[in-house]
Amino acid sequence: MNILVIGGTKFLGRHLVEAAMKQGHKVTLFNRGNNRDVFPELEQITGDRQHDIQVLEGSNWDAVIDTCGYHPQTVRKSVRTLAKKTNHYAFISTGSVYANFLNEDNVDEQSTTLMLNYETIASINEGEEIAAEAYGHLKYHCEQVVYEEMKGRALIIRPGLIVGPYDPTDRFTYWAKRLAEGREILAPGRKDRKIQFIDVRDLADWTIGMVEKQANGVYNVVGPAEKLTMETFIEEGKAVFNNKTDVTWVAESFLHKHEVAPWIELPLWIPETYSPMEGIKPAHGDIGICNKKAIEAGLTFRSFHETLKDTHDWFIEERGELSAAQLTDEKEQEVLKKWLQAASV
């Protein structure tokens, strides 16, 4: 196949290109040219999709994979330009389109999504930094644009947290690094709280397979196949690195009190409903997105042990330091000390 990838050099895009090339497909990249050294052997068309999409009008592709669209107006420009240039359009969306995925388990593809009215969408300028509160809403409306313009030739992929080598966010890399270190580990909240993520390589392989089949429809793409709790993740993660250090579980109310930021400082921790007056209110059941449809369509998972080890190896070889999500060593030790003091009173 002749595949156009919008993006293609940073994280998911990079792995999608590698997966496509592994299957013998011809790949062309369209992006701003910031990482031209990643795939120097490939044809790379330089441009900003917001302003330069017309540079794609002279070519045709069997399929397009859009890794980075987040504003409906920009996505409409892209899809409208490419609708007559391709047979198939795969759009990488997000599980954040769902209104209740943080508070309900088994949220499927028909579950309630976040939406904005036209006036609100129009008030958000193309190219400006999108607030986290609007991200899921805008992604859903991007999906609708792809549906409208492609008319039965669209694959909408809603991944959960994407993890693995080359992740720029450090949201999983933090734990790969932390679980390998020989000192007391701070663990957040309830031990049996369910967590979900998808190895970027599993997502990429499955996506290319679906593109090869010209598959249509909406799919939640998240792992693992079976329930994974934070306790199991930490304990088995320690075993991957033969780490014998202690794990101290700290209550969410205490973490809130000491201003530990969920997700940003402690990745994978999404707090249960919290009120300073009433403390933590246990959620009903697990949280999570249902991946049954994607599994039935061929989605498979490597073990999270492999994901942890490979992420750690990449981090050590190519990064060495966290630059985004992390609880600093100093703050972790301070919180652990205060937790121990409070427990001894």
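These remarks concern the structure in this document. Quantities reported herein were computed from a predicted structural model and do not represent experimental measurements.

Section: the packing of aromatic side chains
Line of reasoning, step 1. Under the criterion given, the structure shown has 9 aromatic pairs.
Line of reasoning, step 2. Measuring from ring centre to ring centre gives 6.4 Å for Trp175 and Phe233, while their planes differ by 85°; the resulting arrangement is edge-to-face. In this pair, Trp175 is assigned in helix α5 (residues 173-178) and Phe233 in helix α7 (residues 230-240), connecting sequence segments 58 residues apart.
Line of reasoning, step 3. On the accessibility criterion, Trp175 (0% relative accessible area) is buried.
Line of reasoning, step 4. You can call Phe233 buried: its relative accessible area is 0%.
Line of reasoning, step 5. One aromatic cluster in this structure is built from Phe172, Tyr174, Trp175, Phe197, Phe233 and Phe304.
Line of reasoning, step 6. For the cation-ring pair, Arg14 lies above Tyr166, with the distance from its terminal atom to the ring centre recorded as 3.8 Å.

What about the packing of helix α2 (residues 72-82) against helix α4 (residues 132-150)?
Line of reasoning, step 1. Relative orientation of the contacting elements α2 and α4 amounts to 25°, with a least axis distance of 9 Å. Relative to α4, the element α2 is oriented roughly parallel. For α2 against α4, the interelement crossing comes out right-handed. Residue-level contacts link Pro72, Val75, Arg76, Val79 and Arg80 of α2 to Leu138, His141, Cys142, Val145, Val146, Glu148, Glu149 and Met150 of α4.
Line of reasoning, step 2. Of the residues contributing to the contact of α2 with α4, the split by class is 8 nonpolar, 1 polar and 4 charged.

With respect to the pairing of strand β4 (residues 63-66)
Line of reasoning, step 1. Here β4 shows no split at all, with Ala63 and Ile65 on one side and Val64 and Asp66 on the other all buried.
Line of reasoning, step 2. Bridge count for strand β1 (residues 2-6) against β4 is 4 bridges, and the pairing is parallel. Residue Leu4 lies in a different strand from β4, and its bridge partner there is Val64.
Line of reasoning, step 3. Taken together, the 3 bridges between β4 and strand β5 (residues 89-92) define a ladder with parallel strand orientation. The residue bridging Asp66 from the neighbouring strand is Phe91, located in β5.
Line of reasoning, step 4. As a crossover connection, the stretch from β4 through α2 into β5 is right-handed.

Things to note about the environment of Val335
Line of reasoning, step 1. With respect to the helices, strands and loops of the structure, Val335 is situated in helix α11 (residues 329-344).
Line of reasoning, step 2. If sequence neighbours within four positions are ignored, Val335 has contacts with Leu186, Phe254, Leu255, His258 and Val260.

A look at the pattern of salt bridges
Line of reasoning, step 1. Evaluated as defined, the whole model comprises 26 salt bridges.
Line of reasoning, step 2. With its nearest N and O atoms 2.7 Å apart, the salt bridge here joins Asp105 to Lys194. Of the two residues, Asp105 is situated in the loop between β5 and α3 (118-123) and Lys194 in the loop between β8 (185-188) and β9 (198-199); the sequence distance between them amounts to 89 residues.
Line of reasoning, step 3. The buried category is assigned to Lys194, whose relative accessible area is 11%.
Line of reasoning, step 4. Notably, a salt bridge pairs Glu272 with Arg193, separated by 3.6 Å at the nearest N-O pair. In this pair, Glu272 is assigned in the loop between α8 (252-257) and β12 (274-275) and Arg193 in the loop between β8 and β9, connecting sequence segments 79 residues apart. Arg193 matches Glu272 in its accessibility class, with the two residues each being buried.

About the thresholds
- Residues numbered from 1 in each chain as written.
- Predicted model: local features only at pLDDT ≥ 70, side-chain atom pairs only at ≥ 80, totals over all residues.
- Heavy atoms only, no water.
- Phe/Tyr/Trp six-rings, centres within 6.5 Å; stacked < 30°, edge-to-face > 60°.
- Helix = DSSP H or I, 4+ residues; strand = E, 2+ residues; numbered from the N terminus.
- Buried < 20%, exposed > 50% of the residue type's maximum accessible area, 1.4 Å probe, protein only.
- Lys NZ or Arg CZ within 6 Å of the ring centre and 35° of its normal.
- Axes fitted to C-alpha atoms, helices over the stretch in contact; angles between N-to-C directions.
- Parallel < 35°, antiparallel > 145°, perpendicular 65-115°, else oblique.
- Left-handed = near helix turned anticlockwise from the far one by under 90°.
- Contact = heavy atoms within 4.5 Å.
- Nonpolar A, V, L, I, M, F, W, Y, C, P; charged D, E, K, R; others polar.
- Pairing = 2+ DSSP bridges.
- Right-handed = clockwise from strand over helix to strand, strands pointing away.
- Salt bridge = Lys/Arg side-chain N within 4 Å of Asp/Glu carboxyl O.

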